[in-house]
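Observations on the model geometry
Here are the chains, one letter per residue:
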Amino acid sequence: MTNFLQDKFIEYAKYNSRSDFASHQLTPSTPGQKELALKLVADMRDLGLKAYYNEKSGFAIGYLPSNTDQEISAIGFIAHLDTADFAAENVQPQVHPNYDGQDIILNTEKKIVLSVTEFPEVKKLKGQTLITSDGTTLLGTDDKAGVVAALGAAKYFLEHPEIEHGDLYLGFGPDEEIGIGAQRFDPHDFPVEFAYTLDNGQPGELQYETFNASEAILDIEGTSVHPGNAYHLLVNAGLLAQEFIARLPKDEVPEKTKDHQGFILVHSYQATVDHAQVKMIVRDFDHDKWRQKEQLLQALVAEFNANLDKPRFKLHLREQYRNIADEIVKNPYIVNLALDAYRKVGLTPNVQPFRGGTDGNFITQKGIPAPNLFNGGGNYHGQYEYVTVEQLEILQKVITTIVTEHLAQKDVSTP
């Protein structure tokens, strides 16, 4: 007996859809993403959905029309096509039916083992149909699991026309892993009241808070002269950069923060005597605290410049995205609908802040509030990535339940 979710996941996992930040191509950043998008358009049409590919945004869009006479707003579900910056050529999914809860040899020749000692969460999947890679590549759970579950949900409604539902939109987009795909998302493709992203997380998890985020690039001009003649002339940009970094809050760094705590991360530092560049990211859930962190960087730059012979520090701040909660809390129905669906399918809701950003950040800023559900699996972005067929089935069930509950609660959903 074939399993649609399993078969489609394996099929899509074999597409090399790894995104590439260094690519000069506009969108998508790699050709494999477009190939997969066009495949999804064809598959959606085969199922009976209306579907097309948006050349400008790189999104594959699917549409299932309402089959009810009741007035109800449309809902969208969004998953990304690309995989992370890890080996993705020649992905060979391995299926482990009725997983026994023990170590799995992914690759005998290379002695690559998915160890339950190293990854104890895997033991909880005992008895399920586990899918892994062969250990030489990632698997693509992030986010082909979300893609497949959304497609499976649409297939379910098409096969059960007796179940009433409103308009349903599916969006499968590129370049989420490099943070640029959803910036090109066209909201005209999605005439919905709200949407949900189907990104990383375990069944029952829900995230409607993300960081406010900005990038900070600091350039420092030095003066390079022969060291033998350097007295009162040489200005070492590298040492100035070190002094600046030493002035940053030592406890507001990723390795010392959790939950709703923000941070400043120095993630790149290059320096010579003549020039130094420090690249940082600034993150906080609280809008005011986020701005205060930016202001701290600006104040430090001003202080250093005031004590030098001339302004040698230049700070470039660029906003990346904002906390989606700022918009979502204006309509709590969006979150409550998902939580109701979780409970209805037997999941215990686990609301967590998302310590990062999703496609939902940019889509929310475009006027479509989009909290994140989950896609199951684990060990994302590496050779030990996995998912189970049962987790895919749970996500599919959650999606269909959200859609049917939205119709049942239509009076509550009216803005």
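Cut-offs applied
Residues numbered from 1 in each chain as written. Predicted model: local features only at pLDDT ≥ 70, side-chain atom pairs only at ≥ 80, totals over all residues. Heavy atoms only, no water. UniProt positions renumbered as here; feature names shortened; annotations may be inferred. 1 Å grid on protein atoms, 1.4 Å probe; cavity = no way out; pocket = protein on both sides within 12 Å on 5 of 7 lines; lining within 4 Å. Buried < 20%, exposed > 50% of the residue type's maximum accessible area, 1.4 Å probe, protein only. Contact = heavy atoms within 4.5 Å. Polar contact = N/O pair within 3.5 Å; in protein donor to acceptor, adjacent residues only side chain to side chain. Helix = DSSP H or I, 4+ residues; strand = E, 2+ residues; numbered from the N terminus. Pairing = 2+ DSSP bridges. Points joined across faces, edges and corners; volume = space filled by probe spheres on them. Nonpolar A, V, L, I, M, F, W, Y, C, P; charged D, E, K, R; others polar. Domains from an automatic or database assignment. Core = buried A, V, L, I, M, F, W, Y, C linked by side-chain atoms within 4.5 Å. Phe/Tyr/Trp six-rings, centres within 6.5 Å; stacked < 30°, edge-to-face > 60°. Axes fitted to C-alpha atoms, helices over the stretch in contact; angles between N-to-C directions.

Bringing the UniProt feature "binding site: Zn(2+) 1" (unreviewed entry) in the protein chain into the picture now. Those residues carrying the UniProt feature "binding site: Zn(2+) 1" (unreviewed entry) are His80, Asp142 and Asp199 in this numbering. The greatest C-alpha distance among the annotated residues, which extend across 120 residues, is 8.0 Å, indicating that they converge on a single site. Annotated residues from the preceding list that form part of the lining of the second largest cavity: these are His80 and Asp199. Taking relative accessible area as the criterion, His80 reaches 1% and is therefore assigned buried. Excluding its chain neighbours within four sequence positions, the residues that come into contact with His80 are Asp142, Asp143, Lys144, Val147, Gly173, Glu176, Glu177, Asp199 and Asp359. Polar contacts involving the side chain of His80 include one to the side chain of Asp82, which spans 2.9 Å. Of note, Asp142 is situated in helix α3 (residues 141-159). The contact partners of Asp142, leaving out residues within four places of it in the chain, are His80, Asp82, Thr83, Glu177, Asp199, Asn200, Asn375, Tyr380, His381 and Glu385. Side chain to side chain, Asp142 and Asn200 meet in a polar contact 3.3 Å long.

The next subject is the pairing of strand β5 (residues 104-107). When β5 meets strand β6 (residues 112-114), the two strands line up antiparallel, connected through three bridges. Bridging across to β6, Ile104 finds its partner in Leu114. Counted along the chain from β5 to the antiparallel partner β6, the turn is four residues long, and its residue Lys111 has a positive phi close to 55°.

Turning our eyes to something else, we now look at the layout of surface pockets. Size it by volume and the largest pocket reaches roughly 940 Å³. What lines the largest pocket is a set of 32 residues, among which Glu176, Glu177, Ile178, Gly179 and Arg283 lie closest to the centre. Listing elements by their share of the lining of the largest pocket, those giving two or more residues are β13 (275-284), β14 (313-321) and α8 (359-365). The biggest single contributor to the lining of the largest pocket is β14, with four residues. Looking at the lining of the largest pocket residue by residue, the classes come out as eight nonpolar, 13 polar and 11 charged. Of the domains in this structure, domain 1 (1-209 + 323-411) and domain 2 (212-321) are the two that each give at least three residues to the lining of the largest pocket.

A few words on the nonpolar core. By size, the foremost hydrophobic cluster in this structure holds 59 residues, and its most contacted members are Phe9, Phe77, Leu170, Phe172, Tyr196, Leu373 and Ile402. Here this core takes nine residues from α3, the largest share from any one element. Residue contacts for Phe9: discarding those within four places in its chain leaves Ile131, Leu139, Gly140, Thr141, Lys144, Ala145, Val148, Val387 and Leu392.

Here the structure, examined in full by the defined rule, presents 16 aromatic pairs. Summarising the aromatic geometry, the rings of Phe119 and Tyr384 are spaced 5.1 Å apart at their centres and angled 45° between planes, so their arrangement reads as tilted. Of this pair, Phe119 sits in the loop between β6 and β7 (130-132) while Tyr384 sits in the loop between α8 and β16 (386-388); the two residues are 265 residues apart in sequence, bridging distant segments of the chain. The exposure class assigned to Phe119 is buried, which follows from its relative accessible area of 18%. Relative to Phe313, the ring of Phe304 lies with its centre 4.9 Å away and its plane at 25°, an arrangement referred to as stacked. Within the aromatic cluster, the residues linked to one another by ring pairs are Phe59, Tyr63, Tyr169, Phe185 and Phe190.

This part covers the UniProt feature "active site" (unreviewed entry) in the protein chain. Within this numbering scheme, the UniProt entry marks Asp82 and Glu176 as carrying the feature "active site" (unreviewed entry). Spanning 95 residues, the annotated positions come together in the fold, the maximum distance between their C-alpha atoms being 6.6 Å. Lining residues of the second largest cavity drawn from the annotated set just named are Glu176. Inspection of the secondary structure puts Asp82 in the loop between β3 (75-80) and β4 (94-96).

Let us look at the sheet that holds β16. The strands that make up a sheet pair up through hydrogen bonds in the backbone, lying either parallel or antiparallel. Strands sit in the order β4-β7-β16 across an open sheet of three strands; the sheet is antiparallel. Strands at the two margins of the open sheet, each flanked by one partner only, are β4 and β16. The sheet shows a mean angle of 25° between the axes of neighbouring strands, taken without regard to direction. With three bridges connecting them, β4 and β7 associate as antiparallel partners. Note that in β7 the partner of His96 across the bridge is Leu130. Against the sheet, helix α9 (residues 389-408) makes contact with β7 and β16, and its axis sits at roughly 65° relative to β16, the strand it touches most.

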